[in-house]
Amino acid sequence: MVEALRVGIAGLGTVGASVVRLLDAHARTLEARCGRGVAIVAVSARDRSRDRGVDISRFEWFDDPVALARAPGVDCVIELMGGSDGPAKAVVEAALAAGRPVVTANKALLAHHGAALARLAEDKGVSIGFEAAVAGGIPIVKALRETLAGNVVHRISGILNGTCNYILSRMELEGLGFEEVLADAQRLGYAEADPTFDVGGFDTAHKLAILTSLAFGTQIDADAIHIEGISSITPLDLKMADDLGYRIKLLGVAQRTETGIEQRVHPTMTPKTWPIAQVMGVTNAVNVLAEPVGEITLVGPGAGGDATASSILADLVDVARGVVVSPFAQPVAGLERAERAPMQRHEGGYYIRLSVLDRPGAAAAIATRMAERQISLESIVQRRPGPRPSGDGRSGAPVPVVLITYATTEAAIRAAIEAMMADGHIAEPPQVIRIERE
Ligand code: NAP
Ligand code: HSE
């Protein structure tokens, strides 16, 4: 009779409470699949008296999560506190140093310290599992590390943040305001403790940094990622996108280019006919373009307690079975330092929404500035302004003008916008959203 795996959990919030509940609910299935039981023996959080909707009185309580990580009766530590440094890092380091496998959902920690922690795990001959750190319940980490291990990946992209997709979806479909929908995402347990990580694009960037390393066999380089969030997206942009046949999604994209590996996170105009544009709500989608397999898209719940706990349980099963793999698909020492592709060299189409002072010559000046940089326009849409006192079409009041360009470079777009601003026909900094096309 093999003894049960004794688990300590540091962090009993949205995800931690779900893990406690699901380890009870699925105990028999897990035991059958692992050939041994999986039993929580110790827990830690900040507030012992808080009602978490699960019975934790049967477990040993630790005020200090690092003491839990070192406790003699714990075989495996699940870190679910969050944060790239501080207690979460201390817990993971203490557990690995003690030769205990770790399971974590903490993408911020991995994006900043993943290589050092993986090296520590390798030195100790134990695993650090982080399926839950990327795209919630979607099994993309295992897919890249194991199932697609025989492929050469060219590109990986997707919707990697449930909160942002939930916000954009409800703003578009229900006409709700940004703050109102963000509050719902927080109430439902989708958002990070500091939601700036979600809406600012940083959480997507943390996940993309992990995926890039797994996909391309490169060192994690979170600092190389170009990051833009969704806070500047207005109802007018969502409406314009809809009218023009697009849907705005916050995408994370990593791809090999001639100048190196491009990693970028930004709101993106995706053609409505594309499967990824049809992914709504808290759902995530990850698309992998690889050789020889071709194109694969995994779609599923990207945030929330149970979806994330599903991935935690998968890693826990590996631990109980005694499976130890290189966390980033190969020994850390073999991960290459990648050339960074500068964002200025990015090529693609652009949506540019200008607030143009409605007077003679403005449109011509804008067209000239684009032509000077060899930027070809696919369409120009000028929205009719509200009723003007004069009605003569020369009020000088700002009106929205949207330009859609054919493929060009980021550098050309930035230079054209700078020149337009200097001309004095534009009332405020333009909204620029990159377009993904076939
Ligand atoms: P959460 O609800 O804020 O829970 C955090 C837990 O950590 C709480 O139980 C908190 O204690 C505990 N904690 C914080 N600091 C602590 C400290 N110094 N000592 C002991 N305990 C401490 O967070 P969550 O949403 O469950 O997320 C946990 C992790 O999973 C994060 O890394 C997050 O990025 C990741 N993640 C979350 C989701 C999701 O959908 N929520 C999905 C994927 C990954 P108290 O309860 O006593 O305050
Ligand atoms: N806050 C994250 C999200 C949790 O909304 O996607 C899942 O990683």
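Calculation criteria
Residues numbered from 1 in each chain as written. Chains lettered and ligands numbered in written order. Predicted model: local features only at pLDDT ≥ 70, side-chain atom pairs only at ≥ 80, totals over all residues. Heavy atoms only, no water. Domains from an automatic or database assignment. Contact = heavy atoms within 4.5 Å. Buried area = accessible area lost by both parts, 1.4 Å probe. Salt bridge = Lys/Arg side-chain N within 4 Å of Asp/Glu carboxyl O. Helix = DSSP H or I, 4+ residues; strand = E, 2+ residues; numbered from the N terminus. Buried < 20%, exposed > 50% of the residue type's maximum accessible area, 1.4 Å probe, protein only. Near = heavy atom within 4 Å. Polar contact = N/O pair within 3.5 Å; in protein donor to acceptor, adjacent residues only side chain to side chain. Areas by Shrake-Rupley, 256 points an atom, 1.4 Å probe, with all protein chains shown as cover. Expected span 1.5 Å × (residues − 1). Patch = residues over 30% accessible without salt bridge, like charges linked within 9 Å, V, L, I, M, F, W, Y side chains within 5 Å. Axes fitted to C-alpha atoms, helices over the stretch in contact; angles between N-to-C directions. Parallel < 35°, antiparallel > 145°, perpendicular 65-115°, else oblique. Left-handed = near helix turned anticlockwise from the far one by under 90°. Nonpolar A, V, L, I, M, F, W, Y, C, P; charged D, E, K, R; others polar.

**A short note on the domain arrangement of the chain**
Now for step 1: Looking at the chain, the domain boundaries give domain 1 (5–133), domain 2 (140–301) and domain 3 (344–435).
Now for step 2: Each of domain 2 and domain 3 was reduced to a C-alpha centroid, and the two centroids are 27 Å apart.
Now for step 3: Between domain 2 and domain 3, the residue contacts involve 20 residues of the former and 17 residues of the latter.
Now for step 4: For the pair domain 2 and domain 3, the summed buried surface comes to about 1,500 Å²; carbon and sulfur atoms form 59% of the total.
Now for step 5: Among the residues of domain 2 in contact with domain 3, Met 240, Leu 244 and Met 269 are the three that bury the most area, contributing 33% of the side total.
Now for step 6: Measuring nitrogen to oxygen at the nearest pair gives 2.6 Å for the salt bridge that ties Asp 237 to Arg 353.

**Quick look at the pattern of salt bridges**
Now for step 1: In total, this model carries 28 salt bridges according to the counting rule given.
Now for step 2: Notably, a salt bridge pairs Arg 247 with Glu 172, separated by 3.1 Å at the nearest N-O pair. Residue Arg 247 is found in strand S9 (residues 246–257), and its partner Glu 172 is found in helix H7 (residues 162–174); the two are separated by 75 residues along the sequence.
Now for step 3: One salt bridge in this structure joins Arg 373 and Glu 372, with 2.9 Å as the shortest N-O distance.
Now for step 4: Owing to a relative accessible area of 42%, Glu 372 belongs among the partly exposed residues under this scheme.
Now for step 5: Within the structure, one salt-bridge network assembled from shared partners comprises Lys 107, Glu 192, Asp 203 and Lys 207.

**A short note on the site of ligand 1**
Now for step 1: The immediate surroundings of ligand 1 are formed by 24 residues, with Asp 47, Arg 50, Arg 52, Glu 192 and Gly 304 found nearest.
Now for step 2: Between ligand 1 and Arg 52 there is a distance of 2.7 Å, counted from an oxygen atom to a side-chain nitrogen or oxygen.
Now for step 3: Separating an oxygen atom of ligand 1 from a side-chain N or O atom of Lys 107 is a distance of 3.2 Å.
Now for step 4: Taken by itself ligand 1 offers 910 Å² of open surface, and the protein chains cover 86% of this.

**Digging into helix H12 (residues 305–321)**
Now for step 1: If you check H12, its first and last C-alpha atoms are 24 Å apart, about what 17 residues at 1.5 Å a residue would give, namely 24 Å.
Now for step 2: Here H12 lies mainly inside the structure; 13 of its 17 residues are buried.

**Some thoughts on a nonpolar patch on the surface**
Now for step 1: Residues Phe 197, Phe 202 and Ile 227 make up a contiguous nonpolar surface patch of roughly 230 Å² in combined accessible area.
Now for step 2: You can call Ile 227 partly exposed: its relative accessible area is 30%.

**Observations regarding the packing of helix H13 (residues 362–372) against helix H14 (residues 410–423)**
Now for step 1: At a minimum axis distance of 9 Å, the contact between H13 and H14 shows a crossing angle of 150 degrees. In terms of orientation, H13 and H14 fall into the roughly antiparallel class. Here the hand of the crossing between H13 and H14 comes out right-handed. Residue-level inspection shows Ala 365, Ile 366, Arg 369 and Met 370 of H13 in contact with H14, the latter providing Ile 413, Ala 416, Ala 419, Met 420 and Asp 423.
Now for step 2: Considering only residue class, the contact of H13 with H14 consists of 7 nonpolar, no polar and 2 charged.

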